[in-house]
Amino acid sequence: MGLFKRRRLPADRRPKLAPDERVVAWAGATGDNIVVATNHGLWLPGADERLGWHEIHKATWSGRQLAIIAAREVPVVDDAYAVMEDLPPLIVTLLDPDRVPEQVRVRVNKSIAHTSHHPLEEITGSRGGVRVVGRRVPGVNGLRWTVRYDEGVDPTVSGVVEHTRELVDWAKSGVGTGS
């Protein structure tokens, strides 16, 4: 028996993968479900589509439960970036985690090319700021630029959109990509 023998995902449990997508790990979960990690993202029980690594804001592993906080795009005020907000946590109990938690950690982290937090107190007159993030998306050239405002920050306050655009432009120039 080889030291690096890899478990095979049963064909009938395999999600509908994209042509260039491949399984990197999978785990049995409660209720006869499975979680499948691919080079493109994570297939969770009951989901009809994968959650891309770039769509996962935060993931934690308790040793038994994988908690995923995905983000969704909110109506945009500027086409230079997408404004994101967190979705409710998705929690899956993994009965046989194998390499899934490790793959989630590594691949979410690898998707992040740039992250920086900037206070907006001078503009909004209140506490809080904005996080600017440039992420790699499998199969897409360049970075996807997103922002996430701290709780309590109103992105419609005069000057916030303009200042956020400047911060995103600054981040793009620092990463060396205009995309």
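Conventions and cut-offs
Residues numbered from 1 in each chain as written. Predicted model: local features only at pLDDT ≥ 70, side-chain atom pairs only at ≥ 80, totals over all residues. Heavy atoms only, no water. Helix = DSSP H or I, 4+ residues; strand = E, 2+ residues; numbered from the N terminus. Buried < 20%, exposed > 50% of the residue type's maximum accessible area, 1.4 Å probe, protein only. Contact = heavy atoms within 4.5 Å. Expected span 1.5 Å × (residues − 1). Arc of directions from axis to C-beta. Salt bridge = Lys/Arg side-chain N within 4 Å of Asp/Glu carboxyl O.

1. Regarding the overall build of the protein
Counting secondary structure elements, the protein contains three helices and eleven strands. Tracing the protein from N to C terminus, the helices and strands come up as β-β-β-β-β-β-β-β-α-β-α-β-β-α. By its C-alpha atoms, the protein is 60 × 30 × 30 Å across when sized along the principal axes. When each of the 179 residues of the protein is scored for burial, the buried share is 42%. Residue pairs at least 24 apart in sequence account for 47% of intrachain contacts in the protein once pairs closer than 6 positions are excluded.

2. Description of helix α3 (residues 160–175)
Because the α-helix completes a turn every 3.6 residues, residues three or four places apart line up on one side. For α3, spanning 16 residues, the distance from its first C-alpha to its last is 22 Å, which sits close to the expected 22 Å at 1.5 Å a residue. Those residues of α3 lying buried are Val160, Val161, Thr164, Leu167, Val168, Ala171 and Lys172. All buried residues of α3 lie within an arc of 140° about the axis, which places them on one face of the element. The exposed residues of α3 that point more than 90 degrees off its buried face are Glu162, Glu166, Ser173 and Gly174. Those residues of α3 that are buried are in contact with β9 (112–119), α2 (121–124), β10 (129–136) and β11 (143–149).

3. Re the pattern of salt bridges
Tallied over the full model, the rule gives five salt bridges. As a salt-bridge pair, Arg72 and Glu85 come within 2.8 Å of each other at their nearest N and O atoms. With a gap of 13 residues between them, Arg72 in strand β6 (residues 65–74) and Glu85 in strand β7 (residues 82–86) connect regions that are remote in the sequence. Taking relative accessible area as the criterion, Glu85 reaches 32% and is therefore assigned partly exposed. Of the charged contacts, one joins Arg148 and Asp86 as a salt bridge, the two residues approaching to 3.0 Å between their closest N and O atoms.

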